[in-house]
Amino acid sequence: MKNLDITKLTAREMREKLLSKEISSREIVSQHLDLIEKKEKDINAFISINKEEALIEGDKIDKKIKNGEKIGPLAGIPIGIKDNIITKNIKTTCGSKMLENFIPPYDATVIEKIKAADGIIIGKNNMDEFAMGSTTENSFFGPTRNPIDLERVPGGSSGGSAAGVGAYEMALALGSDTGGSIRQPASFCGLVGIRPTYGLVSRYGLVALANSLDQIGVIARNVEDATLLLETIIGHDKKDSTSIYMKNKDLLEKLNDNIKGIKIAIPKEFSNVEMDNGIEDIIKNSIKIFEKLGANIEEVSMPHFKYSLATYNILSNAEASSSLSRFDGIRYGYRTKEHSTLDELYMNTRGEAFGKEVKRRILEGTYYLNRNNREKYYNRALKLRTLIIEDFEKVYGKYDIILSPVSPVLPFKMGEDKNYLTNIFTVPVSLAGLPALSIPAGYVEGLPVGIQLIGDKFEELKLLNVALAFERDLALGGEADEI
Ligand code: GLN
């Protein structure tokens, strides 16, 4: 179809138009590739673009349609993949010099699932090195910029995935979320970002930052698109020992926006956090919307919330220091040229190829796990984690959803060091392994602000229904009104 800007369609519209033969899969792919070529010098959402392969896959789908064969639910839809998710024959760098030239020989389980659903891997997205950060400035491949304001960060660490979807370079993306890395960039770029229940999506082929916290999830421009990708990647996987069975994974079909009588809790401790001007108004406005939609909203208490950040920092850095020990110059990636002993080989490889933030966290994590400190830090953090989980369990005994801000700060300018401020509302959810999402709720001075909805374990459908009702009421269609 001439003159139609396919990139502006939702993923589901692309699928409908493909099925009705209004557009071809090749047109979908090539329009996105053209836009990527135009925008990348400004945005830098990609580390690798999978150009030739994406066009070939697009043609294959057109052929299938021509031959009357069945096509998968993601047919022809361009999907960006965070560069810490392993892709066969496509460079997977984790945003690091350590893996600058690493080409994996296999696909992560989520990639196998996307391919089986006929989705198109359009490229690999930029990220903070080894997913450590909240801005996508800590990448060996240069920073990503926020498409809404190029002087500002897109959030992180899945900043390339969010900026790319926000800039219409692709319709959907996979990110990973250890302490907020899907929800926070989704909020900063005005998108929907979902972190599913821990274990619901296989982590096989996700390069680990902190195993007990890491989770793959999705970023999209609206709830239905996000649900489409999410339900494709859910599923038990023998190759991931923490992966879980879920009986009802047909989320899209069951999605509905009737949330009358739903019980929403707001922890009173959240209001002790200092926030940028305008964010509180967005929360108040969101509460009004939920009340109008028939939800009951009450204040609750989560007394251990205040320990979440410290607990997260200790556990995630301790685990990171262990996960990243595999990068030793022997097995994968970079190897120093300067070495005469084995110790020198290890030290120089890691010294030369890891960035500053990665080294800082490895040092910190090693400190917490040191024989003399283990009891004082690591073991106490584990106990606090249990108390935080119990806080959540108590709330979910009575309520369906918890509502909070995503970030206490607005999308900030590049170079402003506000990394650690952004984590406060997202890390408790990660510690408890709960599903949560970020959904656009309005703008402050032209900058998007998301709210966070948190569900109980395996209550993805309820969470998505609440998000859908909210999205429809705000009539955002991915673009919120100024409040
Ligand atoms: N911003 C958090 C951090 O830097 C979260 C990172 C993540 O989820 N990967 O630790």
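Residues numbered from 1 in each chain as written. Predicted model: local features only at pLDDT ≥ 70, side-chain atom pairs only at ≥ 80, totals over all residues. Heavy atoms only, no water.

Asker: I tried to follow the site of the ligand on my own but got confused; where do I start?
Answerer: Neighbouring the ligand are 14 residues, the closest being Ser134, Gly179, Ser181, Tyr312 and Arg361. Contact between the ligand and Gly179: an oxygen atom at 2.6 Å from a main-chain N or O atom of the residue. For the ligand, whose unbound accessible area comes to 290 Å², protein coverage reaches 99%. When atoms are counted within 2 Å of each cavity's grid points, the one that captures over half of the ligand is the largest cavity. In the shell around the ligand, the residues fall into 4 nonpolar, 8 polar and 2 charged. (Near = heavy atom within 4 Å. Polar contact = N/O pair within 3.5 Å; in protein donor to acceptor, adjacent residues only side chain to side chain. Areas by Shrake-Rupley, 256 points an atom, 1.4 Å probe, with all protein chains shown as cover. 1 Å grid on protein atoms, 1.4 Å probe; cavity = no way out; pocket = protein on both sides within 12 Å on 5 of 7 lines; lining within 4 Å. Sits in = over half its atoms within 2 Å of the grid points. Nonpolar A, V, L, I, M, F, W, Y, C, P; charged D, E, K, R; others polar.)

Asker: Quick question: what am I supposed to make of the nonpolar core here?
Answerer: The biggest cluster of nonpolar side chains holds 146 residues, and the ones touching the most others in it are Phe130, Leu174, Phe290, Phe392, Ile451 and Leu453. Of all the elements, helix H15 (residues 460–474) adds the most residues to this core, at 8 residues. With residues up to four places along the chain from it excluded, the contact list for Phe290 reads Ile259, Ile264, Ala295, Ile297, Leu403, Ile451, Leu453, Val466 and Phe470. (Core = buried A, V, L, I, M, F, W, Y, C linked by side-chain atoms within 4.5 Å. Buried < 20%, exposed > 50% of the residue type's maximum accessible area, 1.4 Å probe, protein only. Helix = DSSP H or I, 4+ residues; strand = E, 2+ residues; numbered from the N terminus. Contact = heavy atoms within 4.5 Å.)

Asker: In this structure, what is going on with the pattern of salt bridges? I would like to understand it.
Answerer: Where charged atoms of side chains with opposite charge meet at close range, the side chains can pair. Counted according to the given criterion, the structure contains 21 salt bridges. Across the pair Lys64 and Asp118 runs a salt bridge whose closest N-O atoms are separated by 3.1 Å. Residue Lys64 is located in helix H3 (residues 51–66), and its partner Asp118 is located in the loop between helix H4 (109–116) and strand S3 (120–125); the two are separated by 54 residues in the primary sequence. We classify Lys64 as partly exposed; its relative accessible area is 25%. Here the residues in one salt-bridge network are Arg12, Glu224, Asp257 and Arg472, joined through shared partners. (Salt bridge = Lys/Arg side-chain N within 4 Å of Asp/Glu carboxyl O.)

Asker: Teacher, can you tell me more about the sheet that holds strand S8 (residues 296–300) here?
Answerer: Strand pairs in the sheet, formed through backbone hydrogen bonds, run parallel or antiparallel to each other. Strand order in the open sheet made by the 11 strands is S1-S3-S2-S4-S6-S5-S10-S11-S9-S7-S8, with mixed pairing throughout. In the strand order of this sheet, the two ends are held by strand S1 (46–49) and S8, each with one partner. The average undirected angle you get between the axes of adjacent strands in this sheet is 30°. The pairing of strand S5 (residues 192–195) with strand S10 (residues 436–444) spans 3 bridges and is classified as antiparallel. Across the sheet, the residue bridging to Ile194 is Leu437, located in S10. (Pairing = 2+ DSSP bridges. Axes fitted to C-alpha atoms, helices over the stretch in contact; angles between N-to-C directions.)

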